[in-house]
Every structure is written in structure tokens, then in C-alpha cells.
Amino acid sequence: MSSMDRKTRGVLCILSSAFCFALMNMFVRLSGDIPSIEKSFFRNFVAAIAALIIVLRNRNSIAIGKEALPMLILRSVTGTVGILCNFYAVDHLILSDATMLNKMSPFFTLIFSMIFLKEKLPFKTLMIVLGAFIGSLFVIKPTFQNADLVSSLIGFLGGLGAGAAYTCVRALGKKGISGPVVVLFFSAFSCLVTLPYLIFNYHPMTMQQFVILLLAGLAAAGGQFSITAAYKAAPAKDISVYDYSQVIFTAIIGWVIFSQIPDALSFTGYAIIILMAVLMFVEGRKEKTNAA
């Protein structure tokens, strides 16, 4: 497959994941007053079932070599932290704020890819990443007057966890581990980690809440498979800008379904972070052109 074909596939996959994750956030919010850990369990349980079906249907080998196992575990740990933090933020912030903080993940992916995968990151790109962090401060609003400060910081931590997880996904792709196997391992790991909480602190739910959480799980499974395929197909610097379409999807959902409108500082932060993402994309294109 040519580099252009890979990039096109990566873009389509990341747009699909953005829409699926926007739907997931909507369902998570609609499920009501249920602990984030419980929501995470059902989200990952559905994803694990879907991944198992695909692995069996495609007859993918689930044998994992010793070389890949530590990276799979790291991907699962960081991904679980990312999900728990993101679900907490979705429950306590307006949807677009929670989504934008989670969308810091591509910048973290770049940093971690540079440190651990030895992918080159020019000085201009580092400055762009710094600009994105400055933009995140407008969304977090780090003052004691901000009643949502703790929730915002947890949402920011969720973006860091997701960025680390996607870096691991890229490394696993280079090792030849299939996407469905990665999703299956991660989802099963997350279910096992959160299961003890459900056993001792289960929060009863209505049938409506149960169905909504299953829908959240289905949307999450679609997003997880799509994002895994995207980062396996192309480098983060070539496609990550398209992941910000989720902010548009989520803002529309937040306005139509929940009547949520971000404040001026949040809009400023959105604009800065998205601008940095566009600049990062442009720099990536320039690098390819110069290399050719």
C-alpha cells in the first residue's frame, strides 16, 4: 500500500473514530448518576465481546510474544486510566470541554513517540505542542475560583493517558500485533481491573440506563477499532489533526441534546488547540515535501 493510500485510510478511520467517540460521550452522559468505573466496565465489556468476535472470525492469532507483552500491558494500563478520567470529566464538565481536554492526546502521542519510539520531532513542532498546552489552560482555567478545576485536571490527565496508549498502539503495530487483538487485550484487561469495584460497590441501574451503557459500549468499540486502525496505518503527525472533528461532533450534540454552550475562555482554548493541530499538520506536510 502506498504512503498516500495509507494516509487516506488513516484519515477515514480517524474521522470514523471521532464520530463514534462523540456518540460514546453522549451515551455516557445520558446514562445518568452511575459511577465512572461502572460505566467504564460496561464500555469495555461490549468492546471485548466485539473484539473477540472479530478475532475469531478473522482467525487472528492471539498468541502474544514476550517482546510485545509489556507494551500491551502498558497500553492497557494507560488506556484504562485515560478512559476513567475521561468518563469522570464527561460526567462533571460540559461535553465539549471534556472532549477538548481528551483531545490533547495527539500532542502527548507526538511527545511519547519522540521519546520512546525515536520518531523525529522538529523544534517547530515542539513549539506547536507548547502552544496546545497553553490553549488547554484556557479550557482548564487553573484558578481557585473555577469550581470545575479538579474535573478539568482529571480530564487533562485522561488526555495524557490516551496519548500514551496510542503511542503503544503505534509501537504494537510495528511489531505486527493486529488491531483486534490489541483491542481485545485492552478491553479484557480494563474489565478485570474494574470488576472488583463492581463486585463490592455495584450501583443498581434501570433497564434504560443499562441499554444506554450498552450503546455507549458499541460506540466505543467502533471508535476503538477505528483509532487503532488509524494509528497503525499512518504516523500521528499525518492524521492527528482530523481527530479534532470530534470536538465539532460533540459541541453539536452538547448544544442539541443537553443545551450546553461553552464560555468565552473555553472557545478561546478550543481555537488555540485546533490552530496548533492545523499548524502541526501543515508542518508534517512540509517535512514530507522537503524529504521528497
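Everything below is about the structure printed above this text.
None of these values were measured; they are calculated from a predicted model.

Focus: the packing of aromatic side chains
Throughout the structure, instances matching the rule amount to 11 aromatic pairs. When the centroid spacing of 5.6 Å and the interplanar angle of 90° are considered together, the rings of Phe41 and Phe42 count as edge-to-face. For the pair shown, Phe41 and Phe42 are each scored as buried. Here Phe267 and Tyr270 contribute two aromatic rings whose centre-to-centre distance is 5.8 Å and whose plane-to-plane angle is 75°, an arrangement assigned as edge-to-face. A residue pair is termed a helical-turn pair when its members lie 3 or 4 positions apart in one helix, as Phe267 and Tyr270 do in helix 12 (residues 264-291) at three residues. The exposure class assigned to Tyr270 is buried, which follows from its relative accessible area of 6%. Following the ring pairs from residue to residue traces out a cluster consisting of Phe108, Phe112, Phe116, Phe133 and Phe156. The ring of Phe186 has Arg75 sitting right over it, with the charged end atom 4.1 Å from the ring centre.

Examining the packing of helix 3 (residues 69-92) against helix 4 (residues 95-102)
Between helix 3 and helix 4, the least distance of the axes is 7 Å, while the angle of their chain directions is 155°. When the axes of helix 3 and helix 4 are compared, the pair comes out roughly antiparallel. Every pair of crossing elements has a handedness; the one defined by helix 3 and helix 4 is right-handed. Where helix 3 abuts helix 4, its residues Asn86, Ala89 and Val90 lie against Leu95, Ala98 and Asn102. Each residue belonging to the contact of helix 3 with helix 4 can be placed in one class, and the counts come to four nonpolar, two polar and no charged.

As for the environment of Asp148
Residue placement: Asp148 occurs in the loop between helix 6 (123-140) and helix 7 (149-174). The sequence separation of Asp148 and Phe138 amounts to 10 residues, and the corresponding C-alpha distance is 13 Å. Setting aside residues no more than four positions away along its own chain, Asp148 makes contact with His92 and Leu93.

Section: the packing of helix 2 (residues 36-58) against helix 9 (residues 207-233)
Here helix 2 crosses helix 9 at 55°, and the two axes come no closer than 8 Å. Relative to helix 9, the element helix 2 is oriented oblique. The two elements helix 2 and helix 9 meet at a crossing, and its hand is right-handed. For the pair helix 2 and helix 9, contact is made by Lys39, Phe42, Arg43, Val46, Ala47, Ala50, Ala51 and Ile54 and by Phe210, Leu213, Leu214, Gly217, Leu218, Ala220, Ala221, Gln224 and Phe225, respectively. Within the contact of helix 2 with helix 9, the residues separate by chemical class into 13 nonpolar, two polar and two charged.

Section: the pattern of salt bridges
All told, the structure shown has four salt bridges when counted by the stated rule. Close ionic contact of Asp91 with Lys39 constitutes a salt bridge, the shortest N to O distance being 2.7 Å. Note that Asp91 is positioned in helix 3 and Lys39 in helix 2, a separation of 52 residues in sequence. The residue Glu67 makes a salt bridge to Lys175 at a minimum N-O spacing of 3.3 Å. In this pair, Glu67 sits in the loop between helix 2 and helix 3 while Lys175 sits in the loop between helix 7 and helix 8 (179-201), placing the two residues 108 residues apart along the sequence. Here the salt bridges do not stand alone but share partners, grouping Asp97, Lys141 and Asp263 into one network.

Some points on a nonpolar patch on the surface
A surface patch of nonpolar side chains, about 840 Å² in accessible area, is lined by Leu30, Ile248, Ile252, Trp255, Val256, Ile257, Ile261 and Phe267. Among the elements that make up the nonpolar patch, the one with the highest residue count is helix 11 (residues 245-258) (five residues). The residue Ile248 is located in helix 11 in this model.

Here's the deal with the environment of Val28
On the secondary structure map, Val28 appears in helix 1 (residues 3-30). Here Val28 falls in the buried class, since its relative accessible area comes to 1%. In the structure, Val28 is positioned 15 residues away from Arg43 in sequence and 9.0 Å away in space, judged by C-alpha atoms.

What counts, and at which threshold
- Residues numbered from 1 in each chain as written.
- Predicted model: local features only at pLDDT ≥ 70, side-chain atom pairs only at ≥ 80, totals over all residues.
- Heavy atoms only, no water.
- Phe/Tyr/Trp six-rings, centres within 6.5 Å; stacked < 30°, edge-to-face > 60°.
- Buried < 20%, exposed > 50% of the residue type's maximum accessible area, 1.4 Å probe, protein only.
- Helix = DSSP H or I, 4+ residues; strand = E, 2+ residues; numbered from the N terminus.
- Lys NZ or Arg CZ within 6 Å of the ring centre and 35° of its normal.
- Axes fitted to C-alpha atoms, helices over the stretch in contact; angles between N-to-C directions.
- Parallel < 35°, antiparallel > 145°, perpendicular 65-115°, else oblique.
- Left-handed = near helix turned anticlockwise from the far one by under 90°.
- Contact = heavy atoms within 4.5 Å.
- Nonpolar A, V, L, I, M, F, W, Y, C, P; charged D, E, K, R; others polar.
- Salt bridge = Lys/Arg side-chain N within 4 Å of Asp/Glu carboxyl O.
- Patch = residues over 30% accessible without salt bridge, like charges linked within 9 Å, V, L, I, M, F, W, Y side chains within 5 Å.
- Areas by Shrake-Rupley, 256 points an atom, 1.4 Å probe, with all protein chains shown as cover.

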